[in-house]
Amino acid sequence: MLIGELSRRTGVAARLLRYYDEQGLLRPDRDSSGYRVYAPDAPYVVARIRGMLAAGLTTESIREMLPCADGEGPGIEPCPEVLRTMTAHLARMDADIAELSRRRAALAAFRDATEARQERADAR
């Protein structure tokens, strides 16, 4: 199938499909005119890419993991490095969440102190 058809079937813009190609996530063949020709399973691959991106994985990680992703269902075959990569991303997300929680608490304390000042000023 050509890029226009893949775009229609997946709801993903052709420009984004070209980006996935540039990142090595999709590997279309080329016809005699140089047009990208995608395999019949390309919609499943695009759906998997979109799901992995939504989960916060980088295109580099996805590129490493895609060879282990076959079929239509969720999950990935436990190829070498896949679980390590997922675990590393989860640890990074946990650290980001902890940092955001710390920053949120600091901002809330700052806001509370500012509101208390405002209340004292209004009471005068």
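In the block above lies the structure referred to throughout.
Residues numbered from 1 in each chain as written. Predicted model: local features only at pLDDT ≥ 70, side-chain atom pairs only at ≥ 80, totals over all residues. Heavy atoms only, no water.

Draft legend 1. Structural context of the side chain of Ser7. Residue placement: Ser7 occurs in helix α1 (residues 3–10). If near-sequence neighbours (up to four positions away) are discounted, Ser7 is found in contact with Val12, Ala13, Ala14 and Leu17. (Helix = DSSP H or I, 4+ residues; strand = E, 2+ residues; numbered from the N terminus. Contact = heavy atoms within 4.5 Å.)

Draft legend 2. Quick peek at helix α5 (residues 82–123). The terminal C-alpha atoms of α5 lie 61 Å apart, and with 42 residues this matches the ideal 62 Å at 1.5 Å per residue to within 8%. Residues of α5 that are buried: Val82, Thr85, His89 and Ala108. On its buried face, α5 is in contact with α4 (59–65). (Expected span 1.5 Å × (residues − 1). Buried < 20%, exposed > 50% of the residue type's maximum accessible area, 1.4 Å probe, protein only.)

Draft legend 3. Summary view of the environment of Val45. As for its position among the elements, Val45 is in helix α3 (residues 42–54). Note on Val45: relative accessible area 23%, which makes it partly exposed. Beyond its immediate sequence surroundings of up to four residues, Val45 is in contact with Leu25, Leu26 and Leu66.

Draft legend 4. View of the nonpolar core. Membership of the largest hydrophobic core comes to 20 residues, with the highest contact counts inside it found for Leu6, Leu17, Leu26 and Tyr38. Looking at this core, the elements with two or more residues in it are α1, α2 (14–22), α3 and α4. Excluding residues within four positions of it along the chain, Leu26 makes contact with Leu6, Leu17, Tyr20, Asp21, Tyr38, Val45, Val46 and Ile49. (Core = buried A, V, L, I, M, F, W, Y, C linked by side-chain atoms within 4.5 Å.)

Draft legend 5. Summary view of the side chain of Thr85. Assignment of secondary structure puts Thr85 in helix α5. When near neighbours in sequence (up to four residues on either side) are disregarded, Thr85 contacts Ser61, Glu64 and Met65.

Draft legend 6. Here's a closer look at a nonpolar patch on the surface. There is a patch of nonpolar side chains on the surface, built from Leu90, Met93 and Ile97 and spanning about 270 Å² of accessible area. Relative to the helices and strands, Met93 resides in helix α5. (Patch = residues over 30% accessible without salt bridge, like charges linked within 9 Å, V, L, I, M, F, W, Y side chains within 5 Å. Areas by Shrake-Rupley, 256 points an atom, 1.4 Å probe, with all protein chains shown as cover. Salt bridge = Lys/Arg side-chain N within 4 Å of Asp/Glu carboxyl O.)

Draft legend 7. A look at α2. Along α2, the positions that sit buried rather than exposed are Leu17, Tyr20 and Asp21. For α2, the buried positions fall inside an angular range of 105° around the axis, keeping them on one side. In α2, those exposed residues whose orientation departs by more than 90 degrees from the buried face are Arg15 and Glu22. The inward-facing, buried residues of α2 contact α1, β1 (29–30), β2 (36–37) and α3. One or two residues past the end of α2 sits Gly24, with phi positive at roughly 80°. (Arc of directions from axis to C-beta.)

Draft legend 8. Quick peek at the pattern of salt bridges. Scanning the model with the defined rule gives four salt bridges in all. Here Arg9 and Glu5 are joined by a salt bridge, their closest N and O atoms 3.8 Å apart. Taken as a pair, Arg9 and Glu5 lie in helix α1 at a separation of four residues, close to a single helical turn. Using a relative accessible area of 35% as the deciding quantity, one classes Glu5 as partly exposed.

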